[in-house]
Amino acid sequence: MLWNKNADAKSMPKWYARNCMFDGMAVADGMIDLSQANTQFADGDAVMYFSDAPLTGLTNGQVYYLKRHPNFKYEVSLTRGGEAIAVE
């Protein structure tokens, strides 16, 4: 596969896929608590959200960016470093 017309592996984007399941009860004060979800998301990571019963403020299939807080709590925004979305 060529990326940017270059077969050099260093020029290819790096994508990581992992699932992170959490219960809607893990949402409080506009943040998602992933302390029980066995994940290590970093500040600024992009995630795609899917749910059978979407949380208020989030849309299925939408890409969001995480802002990490202490104790594995996260806010989400539509842009990296953007304003947090009120999640309920």
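Residues numbered from 1 in each chain as written. Predicted model: local features only at pLDDT ≥ 70, side-chain atom pairs only at ≥ 80, totals over all residues. Heavy atoms only, no water.

## Quick notes on the nonpolar core
Phase 1 of the analysis: Residues I32, L58, Y64, V76 and V87 are the most contacted members of the largest nonpolar core, which totals 15 residues.
Phase 2 of the analysis: Those elements giving two or more residues to this core turn out to be β4 (63-69) and β5 (73-77).
Phase 3 of the analysis: Discounting residues that sit within four places of it in the chain, L58 has contacts with I32, Y49, Y64, V76 and V87. (Core = buried A, V, L, I, M, F, W, Y, C linked by side-chain atoms within 4.5 Å. Buried < 20%, exposed > 50% of the residue type's maximum accessible area, 1.4 Å probe, protein only. Helix = DSSP H or I, 4+ residues; strand = E, 2+ residues; numbered from the N terminus. Contact = heavy atoms within 4.5 Å.)

## Brief notes about the confidence of the model for the chain
Phase 1 of the analysis: This prediction gives the chain a mean pLDDT of 78; 72% of its residues lie at or above 70.
Phase 2 of the analysis: Element-level pLDDT for the chain is lowest in strand β3 (residues 46-48), with a mean of 84, against a maximum mean of 92 in β5. (pLDDT = per-residue confidence, 0-100.)

## Quick word on the packing of aromatic side chains
Phase 1 of the analysis: In the structure shown here, the tally under the stated rule is 2 aromatic pairs.
Phase 2 of the analysis: Seen in terms of ring centroids, F41 and Y74 are 6.4 Å apart; in terms of plane orientation they differ by 90°. Their pairing is edge-to-face. Within this pair, whereas F41 is found in the loop between β2 (31-33) and β3, its partner Y74 is found in strand β5, the two being separated by 33 residues in sequence. In terms of burial, F41 and Y74 fall into one category: buried.
Phase 3 of the analysis: A centroid spacing of 6.5 Å and a plane angle of 75° characterise the contact between Y49 and Y64, whose relative ring orientation is edge-to-face. One end of the pair, Y49, is in the loop between β3 and β4; the other, Y64, is in strand β4, with 15 residues separating them in the sequence.
Phase 4 of the analysis: A relative accessible area of 10% means that Y49 is categorised as buried. (Phe/Tyr/Trp six-rings, centres within 6.5 Å; stacked < 30°, edge-to-face > 60°.)

## Re unusual backbone geometry
Phase 1 of the analysis: Despite not being glycine, D29 has its phi angle at roughly 55°, a positive value.
Phase 2 of the analysis: Looking at where D29 falls in the secondary structure, it is placed in the loop between β1 (27-28) and β2.
Phase 3 of the analysis: With a phi close to 65°, N71 is a non-glycine residue in the positive phi region.
Phase 4 of the analysis: Position of N71 relative to the elements: it lies in the loop between β4 and β5.

## Notes on the side chain of S77
Phase 1 of the analysis: Mapping S77 onto the fold places it in strand β5.
Phase 2 of the analysis: There is a polar contact of 2.6 Å between the side chain of S77 and the backbone oxygen of T79.
Phase 3 of the analysis: Not counting residues within four places of it along the chain, the set of residues in contact with S77 comprises Y64, Y65, G82, E83, A84 and I85. (Polar contact = N/O pair within 3.5 Å; in protein donor to acceptor, adjacent residues only side chain to side chain.)

## What about the pairing of β5?
Phase 1 of the analysis: Where burial is concerned, most of β5 is hidden: 4 out of the 5 residues are buried.
Phase 2 of the analysis: Of the pairings in the sheet, the one linking β2 to β5 comprises 2 bridges and is antiparallel in character. Residue pairing across strands places I32 opposite Y74, the latter belonging to β5.
Phase 3 of the analysis: Summarising the sheet, β4 and β5 pair through 5 bridges and their orientation is antiparallel. Bridge pairing in β5 links H69 to K73.
Phase 4 of the analysis: Count of turn residues in the β4/β5 antiparallel hairpin: 3 residues, of which N71 carries a positive phi of about 65°. (Pairing = 2+ DSSP bridges.)

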